[in-house]
Amino acid sequence: MSMVGPRPLTEHEVVHFLKEKSCKILSLRPGLTTIWIVKGRNRFTLKQRMRWEELYVDKHSFILDCRLIWETILAILFPKGAY
């Protein structure tokens, strides 16, 4: 497990919602935080979360990971969308 990466989901969930794109998300190690966590957490459906995960896989970089870590800290201190 890494600090930033797609959230750990079952392979069935990823395959069900992404179908042929599932290999893309499953190619990265799962992480403790990801893009949809800092963008709104529980406000997203599972299908929307998978779209965010795919976006992260397409755009992932060291700078993006640093930004997501920083935004995760802010999301912990100033929660929104958590219930």
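Since the model is a prediction, treat every value here as computed from it, not as a measurement.

1. Considerations on the confidence of the model for the protein chain
- On average, the protein chain scores 81 in pLDDT, and the residues at 70 or more come to 95%.
- Here helix α1 (residues 11-18) stands out as the element of the protein chain with the lowest mean pLDDT, 73, in contrast to helix α5 (residues 62-77), whose mean of 90 is the highest.

2. Section: helix α4 (residues 46-59)
- Over its 14 residues, α4 runs 20 Å from end to end, which matches the ideal 20 Å to within 8%, given 1.5 Å per residue.
- What α4 keeps buried is the set Arg 49, Met 50, Glu 53, Glu 54, Tyr 56 and Val 57. Buried residues of α4, seen end-on, are gathered within an arc of 160° and therefore sit on one face of the element. In α4, the exposed residues that point more than 90 degrees away from the buried face are Arg 51 and Lys 59.

3. Considering the nonpolar core
- Counting six residues, the largest nonpolar core consists of Val 4, Ile 35, Val 38, Tyr 56, Leu 64 and Leu 68.
- Mapped by element, the contributors of at least two residues to this core are α3 (35-39) and α5.
- Discounting chain neighbours no more than four positions away, the residues touching Leu 68 are Val 4, Thr 34, Ile 35, Val 38 and Tyr 56.

4. What to know about the pattern of salt bridges
- Under the counting rule described, the total for this entry stands at one salt bridge.
- For Glu 71, the salt bridge identified is with Arg 67, shortest N-O distance 2.8 Å. Taken as a pair, Glu 71 and Arg 67 lie in helix α5 at a separation of four residues, close to a single helical turn.

5. Overview of the environment of Ile 73
- Considering the arrangement of structural elements, one finds Ile 73 in helix α5.
- Sequence separation of Ile 73 and Pro 8 is 65 residues, and the distance between their C-alpha atoms is 20 Å.

6. Considering the packing of aromatic side chains
- All chains considered together, the criterion is met by one aromatic pair.
- Taking the centre distance of 5.8 Å and the plane angle of 55° together, the rings of Phe 44 and Trp 52 count as tilted.
- Residue classification places Phe 44 among the buried positions, given a relative accessible area of 17%.

Cut-offs used in this document
All residue numbers here refer to positions counted from 1 along the written sequence of the relevant chain. Whole-chain, interface and lining totals are the exception, using all residues; otherwise, since this is a predicted model, local features are given only for residues with pLDDT of at least 70 and side-chain atom pairs are given and counted only at 80 or more. The side-chain values count all of the structure's non-hydrogen atoms but skip hydrogen atoms and water molecules. Along the chain, pLDDT gives the predictor's confidence residue by residue, from 0 to 100. The helix and strand labels rest on DSSP assignments: H or I over at least four residues marks a helix, E over at least two residues marks a strand, and numbering proceeds from the N terminus. Expected helix span is computed as 1.5 Å times (number of residues minus one). Only protein chains enter the accessibility calculation, which uses a 1.4 Å probe. A residue is then buried if its area is under 20% of the maximum for its type, exposed if over 50%, and partly exposed in between. When we speak of the arc, we mean the arc of directions from the helix axis to the C-beta atoms. Residues belong to a common nonpolar core when they are buried Ala, Val, Leu, Ile, Met, Phe, Trp, Tyr or Cys residues joined through side-chain atoms within 4.5 Å. Residue contacts are counted whenever heavy atoms from the two residues lie within 4.5 Å of one another. The salt bridge definition used is simple: a Lys or Arg side-chain nitrogen within 4 Å of an Asp or Glu carboxyl oxygen. Under the pairing criterion, centres of Phe, Tyr and Trp rings, with the six-membered ring standing for Trp, must be within 6.5 Å; the plane angle then separates stacked pairs below 30 degrees from edge-to-face pairs above 60, leaving the rest tilted.

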